[in-house]
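Architecture at a glance
Here's the letter readout for the chains.
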Amino acid sequence: PEDLASDYETWTSKLDQMQDGTERVRDAAASASQYEVEAIIEEVDTTNKEADELGKQIGFKVCAK
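The shown structure was predicted, so the numbers you read here are calculated from the model rather than taken from an experiment.

Scanning the protein chain for helices and strands turns up two helices and zero strands. Computed over the C-alpha atoms, the radius of gyration of the protein chain is 14 Å, more than 25% above the 11 Å expected from 2.2 N^0.38 for a compact globule of 65 residues. Taking the principal axes of the C-alpha coordinates as reference, the protein chain spans close to 45 × 15 × 15 Å. Buried positions account for 25% of the 65 residues belonging to the protein chain. Partitioning the intrachain contacts of the protein chain with sequence separation of at least 6 by distance along the chain shows that 56% fall at a separation of at least 24. Summed over its atoms, the accessible surface of the protein chain is roughly 4800 Å², and 51% of this surface lies on carbon and sulfur atoms. When the 7 basic and 16 acidic side-chain charges of the protein chain are each reduced to a single mean position, those positions are 7 Å apart.

By size, the foremost hydrophobic cluster in this structure holds six residues: Met18, Val25, Ala28, Val37, Ile40 and Val44. Looking at this core, the elements that each hand over two or more residues are α1 (5–30) and α2 (34–58). If we skip the residues at most four places from it in the chain, alanine 28 touches Ser33, Glu36, Val37 and Ile40.

Glancing now at the environment of alanine 32. Relative to the elements of secondary structure, alanine 32 occurs in the loop between α1 and α2. Using a relative accessible area of 68% as the deciding quantity, one classes alanine 32 as exposed. A sequence separation of 12 residues divides alanine 32 from aspartate 20, and the C-alpha atoms of the two residues are 18 Å apart.

Attention shifts here to the pattern of salt bridges. For the structure on display, the rule yields five salt bridges. One salt bridge connects arginine 24 with glutamate 43, and the closest N-O pair in it is separated by 3.0 Å. A residue pair is termed long-range when its members are at least 10 positions apart, and arginine 24 in helix α1 and glutamate 43 in helix α2 qualify at 19 residues. Among the residues examined, arginine 24 registers a relative accessible area of 36% and is labelled partly exposed. For glutamate 43, a relative accessible area of 39% translates into the label partly exposed.

Reading the values: rules and limits
- Residues numbered from 1 in each chain as written.
- Predicted model: local features only at pLDDT ≥ 70, side-chain atom pairs only at ≥ 80, totals over all residues.
- Heavy atoms only, no water.
- Helix = DSSP H or I, 4+ residues; strand = E, 2+ residues; numbered from the N terminus.
- Rg over C-alpha atoms; globule rule 2.2 N^0.38 Å.
- Buried < 20%, exposed > 50% of the residue type's maximum accessible area, 1.4 Å probe, protein only.
- Contact = heavy atoms within 4.5 Å.
- Areas by Shrake-Rupley, 256 points an atom, 1.4 Å probe, with all protein chains shown as cover.
- Lys, Arg positive; Asp, Glu negative; His and termini not counted.
- Charge placed at Lys NZ, Arg CZ, Asp CG, Glu CD.
- Core = buried A, V, L, I, M, F, W, Y, C linked by side-chain atoms within 4.5 Å.
- Salt bridge = Lys/Arg side-chain N within 4 Å of Asp/Glu carboxyl O.

What follows is the structure in structure tokens.
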């Protein structure tokens, strides 16, 4: 629905951010930078929580768990 379009776009953007973060964790782990890995994981976790909240607002039942 039109009234959810903005939230949906933000939600899909957060999913993209999580994908990018996962790739950054992989790359940081390959360079043995534990501090960087932990920082990225924390960032991805925060983004995931934000995406879950948006998913709930949109009405997703499975994706927002």
